[in-house]
Amino acid sequence: MRDPENFWSEIAEEHFVWRKPWDKVLDWNFSTPEVKWFEGAQLNITENCIDRHLATKADKTAIIFEPNDPSEEAQHISYKQLHEKVCAFANVLKEQGIKKGDRVCIYLPMIPELAVSVLACARIGAIHSVVFAGFSATALATRINDCECNMVITSDGSFRGTKTIDLKGIVDEALENTPTIKSVLVVKRTDADINMKDGRDHWLQPLLEKASKECVIEIMDAEDPLFILYTSGSTGKPKGMLHTTAGYMVYSAYTFKNVFQYKEGDVYWCTADIGWITGHSYILYGPLANGATTIMFEGVPNHPDFGRFWEIIEKHKVNQFYTAPTAIRALAKEKLEFVENHDLSSLKVLGTVGEPINEEAWHWYNDNVGKKKSPIVDTWWQTETGGIMISPIPYATPTIPTYATLPLPGIQPALMDEHGKEIEGNQVDGRLCIKFPWPGMARTIWGDHKRYKETYFSAYENKYFTGDGALRDTVGYYRITGRVDDVIIVSGHNLGTAPIEDAINEHPAVAESAIVGFPHDVKGNALYGYVILKETGESRLHENLRKEINQIITEHIGPIAKLDKIQFTVGLPKTRSGKIMRRILRKIAHKDTDNLGDISTLLNPEVFKRS
Ligand code: PRX
């Protein structure tokens with residue numbers, strides 16, 4: 001693209017409401033690194049997502065809430081009602097002392113209050129930090145403390161399939177170690193009997209009833225922070241990716257409209273949780289900025305049976321459906337009647353995201369869900385990119401299974417070789433970088449700009465490094481081959497190996513551990529743990545130890561990080577500088593032990609014979 005700045009400024013000008021225009025479209029430097037889009041402009045994202053639609057779409061449904069239990073009625077929230085709800089919630093936040101720039105942690109299930117609280121923060125300029133409500137108390141506390149949140153918004157509990165989860169109990173445990181939290185707002189959802197701490201905890205409903213349904217927007221600068229969202233790194237604590245207001249808005253809205261080809265009157269459904277970036281960009285901000293109807297689903301794909309997704313598509317006549325390969329693989333294992341019993345003829349576009357989709361799953365999705373007439377958009381992007389980067393445009397880009405195909409306009413990918421040189425031409429593979437800024441990119445890691453620079457801008461000069469490997473085929477299509485760092489994607493969730501190893505090492509019997517991924521037919525990857533026990537002479541049952549290790553992981557991170565396989569061993573292969581050679585551990589986990597490659601730098605090759 002010859003003039004990306006002009007391209008983005010035209011999109012920004014044409015499709016959004018600004019309180020003040022920008023002075024400069026883009027200012028950037030990938031070595032500092034610093035990126036600013038639409039500097040000088042002023043706006044509020046909720047005015048763009050809600051208020052401006054009121055003139056023409058006040059009664060149009062903004063959000064359809066589909067509850068966990070199919071016998072509970074779905075809610076249709078119009079743009080007018082959403083406006084009232086967001087304003088009332090924003091007023092409650094203000095009454096509780098929350099002001100522009102404060103961090104608010106949101107730990108809620110997929111209920112309307114989650115959407116409303118996110119937008120309420122954005123309306124008053126508070127920075128939301130949504131934490132997926134499947135994370136443990138320890139993981140929640142780490143995230144609260146990292147960005148020093150003043151408030152937590154949670155619920156008495158959550159419904160997931162047949163289970164009821166004690167969310168408030170988890171919050172109470174987390175808040176034992178979070179000095180900055182002053183108040184907790186609690187949504188009533190399950191009616192569970194919970195503890196309310198005097199002076200700290202408040203039921204939300206009575207406060208909302210008293211609050212005014214009008215709340216003027218806070219005028220935000222283009223580069224004012226909008227939200228923090230944590231993502232796993234290969235080492236250390238999770239990274240609080242910071243997204244700012246104008247660029248993120250423009251990018252999420254523009255990509256939503258183009259990748260899903262949303263047309264007025266369509267009903268769009270993304271099955272992600274708002275606790276992840278996919279939910280932020282493609283359940284909330286992207287669709288609402290386009291005045292779309294977006295579905296929020298509280299439940300799980302197998303409750304009350306494996307036909308639930310297809311039942312919802314039929315019920316709400318969904319036109320665009322966006323899900324993860326892991327869900328497709330899980331559903332493809334079940335009887336085809338679950339799909340065939342439902343009328344899916346409303347579908348026009350199918351999407352996938354979060355991990356590479358294998359060919360078999362792609363065909364199952366294409367044949368049985370799309371009936372070979374709805375194009376599949378295999379969308380590649382990251383928490384850090386804010387929005388979709390590489391994807392087919394439905395009906396325009398011919399698709400090939402497992403290929404994310406082409407970069408969206410304005411996106412400039414590069415493949416790099418191991419010497420740091422860009423690989424030109426086609427039919428090549430390398431490490432995926434982006435050469436030029438785009439409006440949706442994260443601007444920093446909260447409180448740690450040095451880590452931001454080191455993680456994303458140091459591997460290759462003047463380029464953003466994604467952490468992924470990719471190949472480019474003969475026609476220039478990209479296929480993402482997976483992570484090239486120590487992040488493992490399990491069921492579409494990014495998991496860093498180091499935090500899991502740290503958790504395991506907390507077990508009193510464990511001396512050392514190492515985690516690698518191995519292929520799993522539903523999860524994509526599962527976790528394989530090598531564990532060295534301390535030589536205490538204690539003879540404990542290994543089965544119990546396995547359970548205890550997974551229990552510790554559940555407590556420190558959450559059940560998503562549990563290990564599928566645990567191998568007790570007496571040593572780990574290490575280089576002379578003491579680095580664990582994961583390449584070799586991966587091969588053993590993949591059962592490819594005949595082909596361990598070069599092990600000449602191994603400090604302790606004897607571990608193979610003994611383990
Ligand atoms: O490895 C890539 C994989 O997911 C990573 C980003 O994860 P996260 O920040 O959690 O965001 C997920 C939702 C955007 C990437 O670095 N990934 C994402 N989409 C794809 C993918 N891998 C292959 N194909 C995709 N379509």
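In the block above lies the structure referred to throughout.
These numbers come from a predicted model, not from an experiment.

Cut-offs and rules
Residues numbered from 1 in each chain as written. Predicted model: local features only at pLDDT ≥ 70, side-chain atom pairs only at ≥ 80, totals over all residues. Heavy atoms only, no water. Helix = DSSP H or I, 4+ residues; strand = E, 2+ residues; numbered from the N terminus. Rg over C-alpha atoms; globule rule 2.2 N^0.38 Å. Buried < 20%, exposed > 50% of the residue type's maximum accessible area, 1.4 Å probe, protein only. Contact = heavy atoms within 4.5 Å. Areas by Shrake-Rupley, 256 points an atom, 1.4 Å probe, with all protein chains shown as cover. Lys, Arg positive; Asp, Glu negative; His and termini not counted. Charge placed at Lys NZ, Arg CZ, Asp CG, Glu CD. Near = heavy atom within 4 Å. Polar contact = N/O pair within 3.5 Å; in protein donor to acceptor, adjacent residues only side chain to side chain. Nonpolar A, V, L, I, M, F, W, Y, C, P; charged D, E, K, R; others polar. Pairing = 2+ DSSP bridges. Axes fitted to C-alpha atoms, helices over the stretch in contact; angles between N-to-C directions. Expected span 1.5 Å × (residues − 1). Arc of directions from axis to C-beta. Parallel < 35°, antiparallel > 145°, perpendicular 65-115°, else oblique. Disulfide = S-S within 2.5 Å. Patch = residues over 30% accessible without salt bridge, like charges linked within 9 Å, V, L, I, M, F, W, Y side chains within 5 Å. Salt bridge = Lys/Arg side-chain N within 4 Å of Asp/Glu carboxyl O. Phe/Tyr/Trp six-rings, centres within 6.5 Å; stacked < 30°, edge-to-face > 60°. Lys NZ or Arg CZ within 6 Å of the ring centre and 35° of its normal. 1 Å grid on protein atoms, 1.4 Å probe; cavity = no way out; pocket = protein on both sides within 12 Å on 5 of 7 lines; lining within 4 Å. Points joined across faces, edges and corners; volume = space filled by probe spheres on them.

This part takes up the overall build of the protein chain. Each helix and strand counted, the protein chain has 19 helices and 30 strands in total. A compact globule built from 611 residues would reach a C-alpha radius of gyration of about 25 Å, and the protein chain, at 24 Å, matches this within 12%. Seen along its three principal axes, the alpha-carbon backbone of the protein chain occupies a region of about 75 × 60 × 55 Å. The buried share of the protein chain, reckoned over its 611 residues, is 60%. Pairs at least 24 residues apart make up 70% of the contacts formed inside the protein chain by residues separated by at least 6 positions. Surface exposure of the protein chain reaches about 24400 Å², of which carbon and sulfur atoms provide 48%. Where the 68 positive side-chain charges of the protein chain centre and where its 81 negative ones centre are 2 Å apart.

The local shell around the ligand holds 18 residues, among which Asp378, Thr379, Thr383, Asp468 and Arg483 are the closest. In the model, a nitrogen atom of the ligand is placed 3.4 Å from a nitrogen or oxygen of the glutamate 355 main chain. For the ligand, an oxygen atom lies 2.6 Å from a polar atom in the side chain of threonine 383. Surface burial for the ligand is 95%, taken as the share of its 540 Å² of free accessible area covered by protein chains. For the shell around the ligand, the secondary structure elements donating two or more residues are helix H10 (277-289), strand S20 (376-379) and strand S25 (478-483). Looking at side-chain class alone, the shell around the ligand contains seven nonpolar, six polar and five charged residues.

Let us look at the environment of lysine 182. Here lysine 182 shows up in the loop between helix H7 (167-174) and strand S11 (183-187). A relative accessible area of 60% places lysine 182 in the exposed class. Each C-alpha atom of the pair lysine 182 and isoleucine 588 lies 49 Å from the other, and the pair is 406 residues apart in sequence. What lysine 182 contacts, discounting residues up to four positions off in sequence, is Asn150, Gly199 and Arg200.

Strands in a sheet are paired, the pairing made by backbone hydrogen bonds, and the direction either parallel or antiparallel. Taken in spatial order, the seven strands line up as S5-S4-S17-S16-S18-S19-S20 in an open sheet, and their pairing is mixed. In the strand order of this sheet, the two ends are held by strand S5 (75-78) and S20, each with one partner. When the angles between neighbouring strand axes are averaged without regard to direction, this sheet yields 20°. Against the sheet, helix H14 (residues 359-369) makes contact with strand S18 (320-323), strand S19 (349-353) and S20, and its axis sits at roughly 155° relative to S19, the strand it touches most.

A separate point is helix H17 (residues 542-556). In this model, H17 (15 residues) spans 21 Å end to end at C-alpha, consistent with the 21 Å of a helix rising 1.5 Å per residue. Listed as buried for H17 are Leu545, Ile549, Asn550, Ile552 and Ile553. Here the buried residues of H17 occupy an arc of 155° about the axis, which is enough to place them on one side.

For any two helices packed against each other, the geometry comes down to the angle between their axes and how far apart the axes lie. Running from N to C, helix H12 (residues 325-332) and H14 cross one another at 75°; their axes reach a closest spacing of 9 Å. By the angle class used here, H12 and H14 are roughly perpendicular. Listed contacts from H14 to Ile328, Arg329, Leu331 and Ala332 of H12 are Ala361, Trp364 and Tyr365. Its residues assigned to classes, the contact of H12 with H14 comprises six nonpolar, no polar and one charged.

The next point concerns the state of the cysteines. Applying the stated rule across the entire model yields zero disulfides. Summary of cysteine pairing: cysteine 105 is not part of a disulfide, and the nearest cysteine sulfur, belonging to cysteine 149, is at 5.0 Å. With no disulfide of its own, cysteine 121 has cysteine 149 as its nearest cysteine by sulfur position, at a separation of 9.5 Å.

Glancing now at a negative patch on the surface. There is a patch of like negative charges on the surface, built from Asp3, Glu10, Glu13 and Glu14. With respect to the helices and strands, aspartate 3 occurs in the segment before helix H1 (4-15).

Taken as a whole, this structure holds 44 aromatic pairs when the rule is applied. Consider the rings of tryptophan 28 and phenylalanine 30, whose centres lie 4.9 Å apart with planes at 75°: the pair is edge-to-face. Members of the aromatic cluster, joined through ring pairs, are Phe7, Trp8, Trp18, Trp22, Trp37, Phe38, Tyr251 and Tyr254. When the ring centre of phenylalanine 135 is taken as reference, the NZ or CZ atom of arginine 143 above it lies at 4.2 Å. Seen from the ring of tryptophan 203, lysine 188 lies directly overhead, with NZ or CZ sitting 4.2 Å from the centre.

Spatially, S28-S29-S30 is the arrangement adopted by the three strands of the open sheet, whose pairing is mixed. Each edge of the sheet is formed by a strand with only one pairing partner; in this case those strands are strand S28 (510-520) and strand S30 (565-569). Ignoring which end each strand starts from, the neighbouring axes of this sheet average 25° apart. The pairing of S28 with strand S29 (residues 524-533) spans 10 bridges and is classified as antiparallel.

With that settled, the discussion passes to empty space enclosed by the protein. All told, the structure shown has three cavities of 30 Å³ or more when counted by the stated rule. Here the largest cavity defines a volume of roughly 100 Å³. Taken together, Leu108, Pro109, Met110, Phe132, Ala133, Gly134, Ser158, Phe159, Arg160, Ile165, Asp273 and Glu298 make up the full set of residues lining the largest cavity. Looking at the lining of the largest cavity, the element that brings in the most residues is strand S9 (residues 158-160), giving three residues. Looking at side-chain class alone, the lining of the largest cavity contains seven nonpolar, two polar and three charged residues. Size it by volume and the second largest cavity reaches roughly 50 Å³. Along the walls of the second largest cavity sit Val130, Val131, Phe132, Phe135, Arg143, Leu229, Tyr230, Gly275 and Trp276, which together make up its complete lining. Of the residues contributing to the lining of the second largest cavity, the split by class is seven nonpolar, one polar and one charged.

Right, let's get into the side chain of threonine 46. Within the secondary structure, threonine 46 is located in helix H2 (residues 45-49). A distance of 3.0 Å separates polar atoms of two side chains, one belonging to threonine 46 and the other to arginine 123. Apart from residues lying up to four places away in sequence, threonine 46 is in contact with Asp51, Leu119, Ala122, Arg123 and Ile217.

Function-wise, these values are silent; they only describe arrangement.
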